[in-house]
Amino acid sequence: MTKGLTRYLLALGDDALVSSQRMAWWISRSPQIEEDIAMANLGLDQLGQARSLLAYAGEVEGNGRSEDDLAYLRDERDFLNVCLVEREQKDFGVAMVRLLMFSAWQHELYAALTGSTDLTLAGVAGKAVKETAYHLDHAEHWVLRLGDGTEESHLRMQAALDAEWPWLAELFDNSFVNEDLLLQGIAIDPASLRESVEGRIAGVIGRATLARPDVADALSRGREGRHTEQMGYLLAEMQHLARSHPEVTW
Amino acid sequence: MYGNDYETPDAQRARQLEDTPESFRELLATEGRVEPRDEMPDAYRRTLVRQIAQHAHSEIIGMQPEGNWISRAPSLRRKAILMAKVQDEAGHGLYLYAAAETLGVDRADLLDALHSGRQKYSSIFNYPTLTWADVGAIGWLVDGAAIVNQVPLCRCSYGPYARAMVRVCKEESFHQRQGFEILHTLSHGSPAQKAMAQDAVDRYWFPALMMFGPPDDNSPNSARSMAWGIKRHSNDDLRQRFVDMTVPQAQALDLTLPDPEIRWNEDRGHHDFAEIDFTELFEVIKGNGPCNQQRMEHKVRAHEEGAWVREAAAAFAAKQAAGEGAA
Ligand SMILES: [Fe+2]
Ligand SMILES: [Fe+2]
């Protein structure tokens with residue numbers, strides 16, 4: 001049970017942490033200053049979610065690991081985030097398509113988790129549901145504008161959508177969720193979110209004059225700690241300083 | 001103006017204001033604020049545009065050296081604080097571009113001037129951030145120097161600039177405290193952390209002192225800016241104020257400022273400090289600093305790679321407007 005809950009919290013926390021790390025790359029690299037500010041907001045919200053979830057995971061686990069121990073001292077195979085969020089996103093279209101997918105999923109998830117029988121988790125969800133509503137709104141806004149903007153932006157957005165789509169399905173993978181957590185009303189089965197999340201995304205891409213990609217799902221196994229090659233570099237960069245100076249405070 | 005050093009300050013001020021509109025002189029005399037619709041001399045407007053734009057550019061380019069450490073911040077709490085700080089700097093850039101726009105220029109044109117090198121940004125950002133401690137040193141010394149420079153600008157004669165500076169200064173003092181706190185933690189941490197902090201202060205001290213500009217006897221535009229109520233104190237006065245403020249803070253940090261000549265001068269009521277070698281500053285201004293090229297390339301690349309996004313947003317907005325017109 002404890003192990004199952006720790007794992008569940010780590011998976012959601014890792015999603016948020018790794019996504020935040022990618023989002024922060026955009027600060028000073030966005031198409032305009034307003035977007036630098038928005039990207040920082042998004043990344044900060046996700047980082048806040050990650051910190052709450054990882055701190056709580058450490059508490060539930062009971063081995064005295066802090067949010068920083070979990071973020072900086074675990075190896076790649078112990079990270080449980082979906083591969084969707086770990087891949088590089090140096091194209092603004094890709095960033096917005098991915099945010100649309102991730103925030104649509106996170107929003108549905110957290111909305112459901114506000115009713116969790118675990119009151120700490122419900123509390124985290126209560127804050128996150130408001131944040132992700134804004135993230136989703138931001139992503140929708142951009143996907144619409146770019147999908148239905150210029151000919152070039154339309155082509156770029158369709159390409160971004162085609163590239164990201166195979167990684168969407170992993171968000172609905174429920175193999176890492178302990179059944180007892182579901183029975184006790186602590187966790188939400190990600191598979192149960194599929195219809196509403198895909199419906200939400202389909203609505204936006206339709207209005208954005210984009211076509212739903214006809215591509216196969218990627219073999220994405222982040223929930224088992226099997227990541228893409230890009231994950232190692234992300235962690236190497238994020239963790240190196242903390243690991244170079246063990247046992248100190250910053 | 002070099003030949004007029006024998007003038008009294010009042011006479012100098014009066015001469016600077018010759019041939020300016022009566023209403024403008026009246027506003028300056030009564031410490032009133034010049035607002036966008038008020039009459040103002042062209043040279044005053046041009047000087048303000050140049051100064052506010054350079055200030056805005058500095059906020060924006062200033063995001064890069066500290067942004068360099070967001071991905072590597074050594075704790076999640078520090079990462080969050082740093083992201084919020086760099087975000088604040090983007091906000092400062094926005095307020096300042098908006099203040100410049102009240103003078104009849106466009107943000108897009110100002111950005112073009114930055115990208116093509118016609119307008120400058122503060123040279124301090126052409127130094128690299130080599131270690132995590134540099135994030136602390138920048139917060140403490142660079143934001144600290146910025147505060148000393150900018151607090152008097154809250155009383156600047158041009159209303160929109162003065163008001164933007166009030167907001168900016170509040171946030172800069174947060175940044176300065178956060179930087180101090182980073183260095184304090186490092187200097188009371190492991191020997192390696194302490195050495196990292198000392199090294200950062202050693203590298204940033206003189207560049208921070210140079211942020212106040214050249215010495216007064218080599219600062220050709222100061223007199224006019226003072227007469228216009230844009231500048232309130234001389235470069236050297238501000239630099240002295242910064243040194244006096246910083247010396248006790250360095251002691252509290254248990255770090256040494258890299259100037260053996262710093263000592264309290266009872267007669268002057270100020271700290272003495274070494275004469276600054278400005279040759280380096282002038283090299284950096286000329287474009288030969290360690291990061292001049294990198295900062296500009298980063299900024300220009302982001303701008304160019306974002307062009308399709310801005311174009312699409314404009315096209316979408318035009319379609320929406322046309323659609324609404326039709327309906
Ligand atoms: Fe600033
Ligand atoms: Fe600042």
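Now for a description of the structure that goes with this document.

Conventions used here
Here, residues in each chain are numbered from 1, in the same order as that chain's written sequence. By the order in which they are written, chains take letters starting at A while ligands take numbers starting at 1. Totals for whole chains, interfaces and linings use every residue, but because this is a predicted model, local features are given only for residues with pLDDT of at least 70 and side-chain atom pairs only at 80 or more, for both listing and counting. Hydrogen atoms and water are omitted, and side-chain values are computed over all heavy atoms in the structure. To qualify as a helix, a DSSP run of H or I must reach at least 4 residues; to qualify as a strand, a run of E must reach at least 2; elements of each kind are numbered from the N terminus. Residue count minus one, scaled by 1.5 Å, sets the expected span of a helix. For each residue, the accessible area found with a 1.4 Å probe, counting protein chains only, is set against the maximum for its type, and the residue is called buried under 20%, exposed over 50%, and partly exposed in between. Two residues form a contact once any of their heavy atoms are found within 4.5 Å. Charge counting treats Lys and Arg as positive and Asp and Glu as negative, with His and both chain ends excluded. Any Lys or Arg side-chain nitrogen found within 4 Å of a carboxyl oxygen on Asp or Glu counts as a salt bridge. Nitrogen, oxygen and sulfur within 2.8 Å of a metal are treated as its donors, or within 3.2 Å for sodium, potassium and calcium (Na, K, Ca); water is not counted, so a site can appear incomplete. A four-donor site is called tetrahedral if each angle lies between 85 and 135 degrees; a four-donor site is square planar, and a six-donor site octahedral, when trans pairs exceed 155 degrees and the remaining angles lie between 65 and 115; all other cases are labelled irregular. Here the buried area means the combined drop in accessible surface, using a 1.4 Å probe, for two parts upon being joined, counting both sides. Polar contact is the term for a pair of N or O atoms within 3.5 Å; when the atoms are in protein, one must be able to donate a hydrogen and the other to accept it, and sequence-neighboring residues count only if both atoms are side-chain atoms. Two rings from Phe, Tyr or Trp (for Trp, the six-membered ring) form a pair when their centres are within 6.5 Å of each other. A pair whose planes differ by under 30 degrees is stacked, one over 60 is edge-to-face, and the rest are tilted. Counted as over-ring charges are cases with an Arg CZ or a Lys NZ within 6 Å of the ring centre that also lie within 35 degrees of the ring normal. Angular values range over 0 to 180 degrees, each being the angle between N-to-C directions of two axes fitted as lines to C-alpha atoms, with helices fitted over their stretch in contact. Working rule for angles: under 35 degrees goes down as roughly parallel, over 145 as roughly antiparallel, 65 to 115 as roughly perpendicular, anything else as oblique. Crossing handedness: left-handed means the near helix sits turned counterclockwise from the far one by under a right angle, and right-handed means the same turn made clockwise. Three categories are distinguished: nonpolar for Ala, Val, Leu, Ile, Met, Phe, Trp, Tyr, Cys and Pro, charged for Asp, Glu, Lys and Arg, and polar for the others, with Gly belonging to the last.

1. Here we look at helix H9 (residues 191-210) of chain B
- Between its first and last C-alpha, H9(B) extends 30 Å over 20 residues, near the 28 Å set by a 1.5 Å rise per residue.
- For H9(B), the complete set of buried residues consists of B:Gln193, B:Met196, B:Ala197, B:Gln198, B:Ala200, B:Val201, B:Tyr204, B:Trp205, B:Pro207, B:Ala208, B:Leu209 and B:Met210.
- In this structure, the buried residues of H9(B) make contact with helix H9 (229-244) of chain A together with helix H7 (132-150), helix H8 (159-187), helix H11 (235-253) and helix H12 (279-288) of chain B.

2. A word on the side chain of A:Glu35
All names here are of chain A.
- With respect to the element layout, Glu-35 can be found in helix H2 (residues 33-61).
- Look at Glu-35: it is buried, it has no salt bridge, and the nearest opposite charge is Arg-145 at 5.9 Å.
- Once you skip the residues sitting within four places of it in the chain, Glu-35 turns out to touch Ser-30, Phe-92, Met-96, His-138 and Trp-142.

3. Here we look at the coordination of the iron ion (ligand 2)
All names here are of chain B.
- The protein atoms donating to the iron ion (ligand 2) are Glu-89 (OE), Asp-143 (OD), Glu-172 (OE) and His-175 (ND1), with metal-donor distances spanning 1.9 to 2.2 Å.
- Coordination at the iron ion (ligand 2) is irregular, judged from the four donor atoms that bind it and the angles of 87 to 149 degrees they form at the metal.
- Along the chain, the residues that donate to the iron ion (ligand 2) are spaced as E-x53-D-x28-E-x2-H.
- Here the iron ion (ligand 2) and the iron ion (ligand 1) are spaced 3.4 Å apart, and both take Glu-89 as a donor. Residue Glu-172 and its partner His-175 are located together in helix H8, separated by three residues, close to a single helical turn. As far as burial versus exposure is concerned, Glu-172 and His-175 are alike and both buried.

4. Quick notes on the pattern of salt bridges
- Inspection of the entire model under this criterion finds 30 salt bridges over all chains.
- Of the charged contacts, one joins A:Glu164 and A:Arg98 as a salt bridge, the two residues approaching to 2.8 Å between their closest N and O atoms. Remark: A:Arg98 occurs in helix H4 (residues 92-113) and A:Glu164 occurs in helix H6 (residues 151-164); sequence separation between them is 66 residues.
- With relative accessibility at 4%, the residue A:Arg98 sits in the buried group.
- Residue B:Glu35 pairs with B:Arg163 through a salt bridge whose shortest N-O separation is 2.8 Å. Remark: B:Arg163 occurs in helix H8 and B:Glu35 occurs in the loop between helix H2 (22-29) and helix H3 (42-61); sequence separation between them is 128 residues.
- Overall, the relative accessible area of 47% leaves B:Arg163 in the partly exposed class.
- Within the structure, one salt-bridge network assembled from shared partners comprises B:Glu66, B:Lys85, B:Glu89 and B:Asp143.

5. Structural notes on the interface of chain A and chain B
- At the interface, 48 residues of chain A touch 43 residues of chain B.
- Together chain A and chain B conceal approximately 4,000 Å² of surface at their shared face, both sides included; 68% is due to carbon and sulfur atoms.
- Linking chain A to chain B there are two salt bridges.
- At the junction of chain A with chain B, the criterion picks out 15 residue pairs in polar contact (both at pLDDT 80 or more).

6. Some words on the coordination of the iron ion (ligand 1)
Residues and elements named next belong to chain B.
- Protein coordination at the iron ion (ligand 1) comes from Glu-59 (OE), Glu-89 (OE), His-92 (ND1) and Glu-172 (OE), with a distance range of 2.0 to 2.2 Å.
- Its four donor atoms give the iron ion (ligand 1) angles of 87 to 137 degrees at the centre, a pattern that matches the irregular case.
- Coordination of the iron ion (ligand 1) draws on donor residues from a single chain, spaced E-x29-E-x2-H-x79-E in sequence.
- Exposure remark for His-92: the relative accessible area of 0% places this residue in the buried category.

7. What about unusual backbone geometry?
- Positioned with a positive phi, A:Ser28 is a non-glycine residue whose angle comes to about 90 degrees.
- Residue placement: A:Ser28 occurs in the loop between helix H1 (2-24) and H2.

8. Brief notes about the packing of aromatic side chains
All names here are of chain A.
- Summed over all chains, the structure comprises ten aromatic pairs over all chains.
- For the ring pair Tyr-8 and Phe-176, a centre distance of 6.1 Å and an interplane angle of 20 degrees mean the geometry is stacked. Highlighted residues: Tyr-8 in helix H1 and Phe-176 in the loop between H6 and helix H7 (179-183), separated in sequence by 168 residues.
- On the basis of an interplanar angle of 25 degrees and a centroid distance of 6.1 Å, the ring pair of Phe-102 and Trp-105 is categorised as stacked. Taken together, the residues Phe-102 and Trp-105, both in helix H4 and three residues apart, mark about one turn of the helix. As far as the burial class goes, Phe-102 and Trp-105 line up, both buried.
- A network of ring pairs unites the aromatic residues Trp-25, Trp-26, Phe-92 and Trp-142 as a single cluster.
- The positively charged end of Arg-223 is found above the aromatic ring belonging to Phe-176, 4.6 Å away from the centroid.

9. Some words on the packing of helix H5 (residues 119-147) of chain A against helix H8 (residues 194-207) of chain A
All names here are of chain A.
- At a minimum axis separation of 8 Å, H5 and H8 run at an interaxial angle of 30 degrees. When the interaxial angle is binned, H5 and H8 end up roughly parallel. Relative to H8, H5 is oriented so that their crossing is right-handed. In this structure, H5 uses Leu-136, Glu-140, Val-143 and Leu-144 to contact H8, whose residues at the interface are Arg-200, Val-204 and Arg-207.
- By residue class, the composition of the contact of H5 with H8 is four nonpolar, no polar and three charged.

10. Quick word on the side chain of A:His107
Residues and elements named next belong to chain A.
- Note that His-107 resides in helix H4.
- Here the side chain of His-107 touches Thr-132 through a polar contact of 3.1 Å, side chain to side chain.
- Non-local contacts of His-107, meaning those with residues more than four positions away in its chain, are made with Val-129, Thr-132, Ala-133 and Leu-136.

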